[in-house]
2 protein chains.
Amino acid sequence: MPNNVLYAQSGGVTAVINASACGVIQTVRRYPETFGRIFAARDGILGVLKEELIDLERESDATIAGLRHTPGGAFGSCRFDLGNPDTHPEQYRRLVEVFRAHDVGYFFYNGGGGSMDTALKVARIADEMDYPIRSIGVPKTIDNDLACTDTSPGFGSAAKFIATVVREASMDVESMASSGTKVFIMEVMGRHAGWLAAAAALAQQAENTPPMLILFAEIPFNQEDFLKRLNTIIKAHGYCVVVASEGLKGPDGKLLTVAQEHEVFAYTQLGGVAPILARMVKEETGHKVHWAVADYIQRAARHIASRLDVEQAYAAGAMAVRFAVEGHTGFMPVIKRLCDEPYLWTVDRVPLEQVADIEQGLPREYITEDGYGISAACRRHLAPLIDGEDYPPYENGLPSYVRIRGELLEKKLPAFESESS
Amino acid sequence: MPNNVLYAQSGGVTAVINASACGVIQTVRRYPETFGRIFAARDGILGVLKEELIDLERESDATIAGLRHTPGGAFGSCRFDLGNPDTHPEQYRRLVEVFRAHDVGYFFYNGGGGSMDTALKVARIADEMDYPIRSIGVPKTIDNDLACTDTSPGFGSAAKFIATVVREASMDVESMASSGTKVFIMEVMGRHAGWLAAAAALAQQAENTPPMLILFAEIPFNQEDFLKRLNTIIKAHGYCVVVASEGLKGPDGKLLTVAQEHEVFAYTQLGGVAPILARMVKEETGHKVHWAVADYIQRAARHIASRLDVEQAYAAGAMAVRFAVEGHTGFMPVIKRLCDEPYLWTVDRVPLEQVADIEQGLPREYITEDGYGISAACRRHLAPLIDGEDYPPYENGLPSYVRIRGELLEKKLPAFESESS
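Given the structure is predicted, the values throughout are model-derived calculations rather than measurements.

A. Structural view of the pairing of strand β6 (residues 183–188) of chain B. Residues and elements named next belong to chain B. Most of β6 sits out of view: six of its six residues are buried. By the alternation rule, side chains of β6 split into V183, I185 and E187 and F184, M186 and V188, which are all buried. As defined by bridge partners, β6 adjoins strand β9 (residues 289–293) across five bridges and the pair is classed as parallel. Residue M186 lies in a different strand from β9, and its bridge partner there is A292.

Laid out in C-alpha cells, this is it:
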C-alpha cells in the first residue's frame, strides 16, 4: 500500500500560500499509485510534533479548489524551527513516531528559508534514523529573499498590492498638495530585504510620476540627505511619496525603530518606521504629512493577487509533488526565468542545502546610485512579476474565501511533552 | 449664447470623486442648448479666486470617460473655505469678476459638508450681488457624514476596501496565532464619525468569524473594559482583530492621540491610534501584536471600488447638472433608499442649507449595546453599499488611470492678492 502524505505551512503566510497547498493536494490526488492518503499538519511542524493532523478526506473538492483563491494559511502556520538532532533528539524521535503511526512517507513543507532548514532536517531523518521519508520544500515568502529562485511565490502579489496602492495614494496626495498634505509616507514589509520597497517604484508611469523616494533596508538612512532631496522634490513637483522598508537602518547599522528606543514606538516587532519618518519630516520641513503602515494588509491582499504569482505558487506545489513521484527527496522547486519580455519561466529544482537559512537581499545594482530608486534592470526584473489579475469570486460585495473544516485525525500516540523545548 | 459651466472639487478626495466629475462633464455636454463651454477650477475654490481654470475642451473624450475609473481629484482639491460675505467681501467681488470674465453661469462644487457651505455662499451671490449664477453641490465624502442622504459617494468604496482587507488580514492573523501574532489592529479614517469603522464588521462571515472589536469615534474608549474583552476573545478564539477609528476618544472626550500628547506621536493630524493601542495591548497583555494604518490607501482604493458607489457618484454628478437644466440653484443631489433588499435607490435633492457644515455621525442604535460592534440594522444598511465590483482597466499589471493635460485658460484679470486672507 502506498505511503501517506503530510503537508504543512510555516512562517509568515502570504496571499498565495494556499494556492501552493492546492497544487500539492490536487497533484497528490492524481497519483493514487504513488500516494496513499493526504493529511495537513495544523500550524506547521508544531502540528506534527503534537500529532494534530487534519484529515483532508473530510474537505470537499470545492474547498480544496477554493484554496487557490484564498489568502492566509488555511491549515495554520508557526514560528518554530526544529532544533539540531544532537541537541534535540527527542524532537526527531517524535517526528518518526508520528510519521510511523500515520504511515507518512512524504513530507511537503511550505515556507521560506527558515522552513527549508526544517524540511532539510526532516529529509535527513531517512538516512540518520533509518525511517523512509521523502521531504520536499515548497517555496513562499513575500520578502522575495529566497535564494536560487527568480522569485518567491507570495512576493508578486504583495508587490502588486504595494505598487497599486502607492499609485492610488500618490494621486490622492497630488490632489491635496496645493493647500494640504505634501508628503505621503508608506511603510512596507522587509526586515532585511528591500524587494517590496523596490516594487513601489512600479507605481511610476514615468520618471517622477509620481515623484518618489524609496528608503531601502539595504541603504543606510542619512537624514540630512533625505530631507534635502525631499525638499528639492517638493519644490519641483509640489509633493513627494516616500516608501520605507520596515527594516530601515541608520548609518550605524541599527534599525531606525531600535535606534530611537527611548521613544514610544521602539518595538521592532511593532513596526513604526513610517511614524518616525513622519515626525521627522513634519518637524524639520513643516510640510503636512500623512503616513500609512500596510503590515498584514499587503501580504494578505488576495483581492489584487498577481495572476503570475498565483500560477507560480500553484506550480511550485504541483512540481514538489512531481519531484517526489520521480523519487527525489531534499529538494525545493525554484522558478527559472527563461526570458524577460515576454516573461517565460519554468520550474527547476535545487537541493535544500542551497536555500536553507539563506536570505538574498536586493542586489546593489538594482538600486540607483543615489540609493533612492530602482535601476532599469530592477524594473525589468520586477515588472512581469506583478502581471495579470486573478480576481477571487465575490459574494455580497466581498471576496468569497474558503474555510476548511479542519477535523483532526484520531490521535494514536500519547501527548508530546517537550514540543516547546 | 448659453453661459459657461465651472466645476471644482474640494476637501479630501475619494476613489470616485472623479466619477462625479465625469457625470457632470458628460451630462453638461448633452445639453448644448443650455450650457456653453465647461471649465474646471484648479484646486477647488482657490482656483476660482486665482483664475486658474482648466480648459476641458483640450481634454480628450477618452480622458473624460477615464475619470470614471480614476481615483484622486483630477483637477486638484483644496482645504479652503470661503469667508463670510461681510468679513471677506473681496472674495465675493473676485468670484463675480472671474465668473463674469469667463461668462460662467453655472457652478458645480463637489465636496462634503464644508464644501456645501461654499456652494451655498456662491448660490447666494445671485441675489446678494445681482450676478446670475446657479450653484449646485455634488456630494462626496468617505466619512459618510453628509446629512439627508442615504450614503455619500466615496464611502461605499472605502468601506469595501476596509471590509475586504480586514477579512484578508484576519485570515492571516488566524494562521499565525498559535505561536505568533494574536492581535491585529487596524486604524481607519473617521475623525468624528465611525461609519468606516462600522464597515469593517462586514468582513465577518458569521458571528466571531473573525472575532472583532470595533472602537468607534462615537463611543468613549474604556481601556480596562477593552482589555478585558480582548483577553476573553483571545481565550475563546485564539486571536482578535481590532478596528479603531482615528477619532477614538477617551472617557474625557479627548482624542486618544491628543490625550497622550506628551508622547511622540501626539500629532492629531499624524494619526496614530493604532500604535498607541498596540503598545497598550502588548504591555498590558503580553500578546504579540501587529498593526496597520490604512490612511490614504483606503480612500484612494479605486482598484476595489464598490460598483454601486461608482454608479451613485456618477449619478450625483449627472443629476446635479439636471437640476441646473431644470432651473434650480442652491441644491445638492442626495441618494434616497427605496428598499433594502434588493437595494433600490433614486436621486432626490435637498436645499444646500440642510447639508452645509452639518456632520452626521453613526446613529447610536447602529452600534451594539456593548459598544464594540454593529447592530443588525446597521449591517442591513451598510451591506448593499459595498456591493458589486467595478474594476479599472489594467496595463502592465497595474490599474491604468488617466491624467488630465490640465492646460489653463488664458487669464483675463490681474492676480488676486488676498486669496489667502
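Further notes follow.
B. Quick look at the domain arrangement of chain A. All names here are of chain A. Assigned domains within chain A: domain 1 (4–141 + 303–358 + 389–399) and domain 2 (155–302). Here the C-alpha centre of domain 2 lies 34 Å away from the C-alpha centre of domain 1. With 20 residues of domain 1 in contact, the opposing surface of domain 2 contributes 10 residues. Both sides together, the interface formed by domain 1 and domain 2 hides about 1,200 Å², and carbon and sulfur atoms give 50% of it. By the criterion of area lost to domain 2, the three top residues of domain 1 are A15, H303 and I304, representing 40% of everything that side buries. Salt-bridge contacts for K160 lead to E389; the nearest nitrogen and oxygen are separated by 2.8 Å. Inspection of the domain 1/domain 2 interface yields 11 residue pairs in polar contact (both at pLDDT 80 or more). Within the side of domain 1 that touches domain 2, the residues separate by chemical class into eight nonpolar, seven polar and five charged.

C. Region of interest: the pairing of strand β9 (residues 289–293) of chain A. Within β9(A), five of the five residues are buried, which leaves it mostly tucked inside the rest of the structure. Side chains V289(A), W291(A) and V293(A) project from β9(A) onto one buried face, and the interleaved H290(A) and A292(A) project onto a second face that is buried too.

D. Structural detail: the UniProt feature "site: Important for catalytic activity" (unreviewed entry) in chain A. Residue and element names in this part refer to chain A. The positions UniProt marks with the feature "site: Important for catalytic activity" (unreviewed entry) are K140. Tracing the sequence through the fold places K140 in the loop between β5 (134–139) and α6 (155–176). In this structure K140 comes out as buried when scored by relative accessible area, which is 6%. Not counting chain neighbours up to four residues away, the residues in contact with K140 comprise S10, G11, G12, T14, I17, N110, G111, G112, L146, S152 and P153.

What counts, and where the lines are drawn
Residues numbered from 1 in each chain as written. Chains lettered and ligands numbered in written order. Predicted model: local features only at pLDDT ≥ 70, side-chain atom pairs only at ≥ 80, totals over all residues. Heavy atoms only, no water. Buried < 20%, exposed > 50% of the residue type's maximum accessible area, 1.4 Å probe, protein only. Helix = DSSP H or I, 4+ residues; strand = E, 2+ residues; numbered from the N terminus. Pairing = 2+ DSSP bridges. Domains from an automatic or database assignment. Contact = heavy atoms within 4.5 Å. Buried area = accessible area lost by both parts, 1.4 Å probe. Salt bridge = Lys/Arg side-chain N within 4 Å of Asp/Glu carboxyl O. Polar contact = N/O pair within 3.5 Å; in protein donor to acceptor, adjacent residues only side chain to side chain. Nonpolar A, V, L, I, M, F, W, Y, C, P; charged D, E, K, R; others polar. UniProt positions renumbered as here; feature names shortened; annotations may be inferred.

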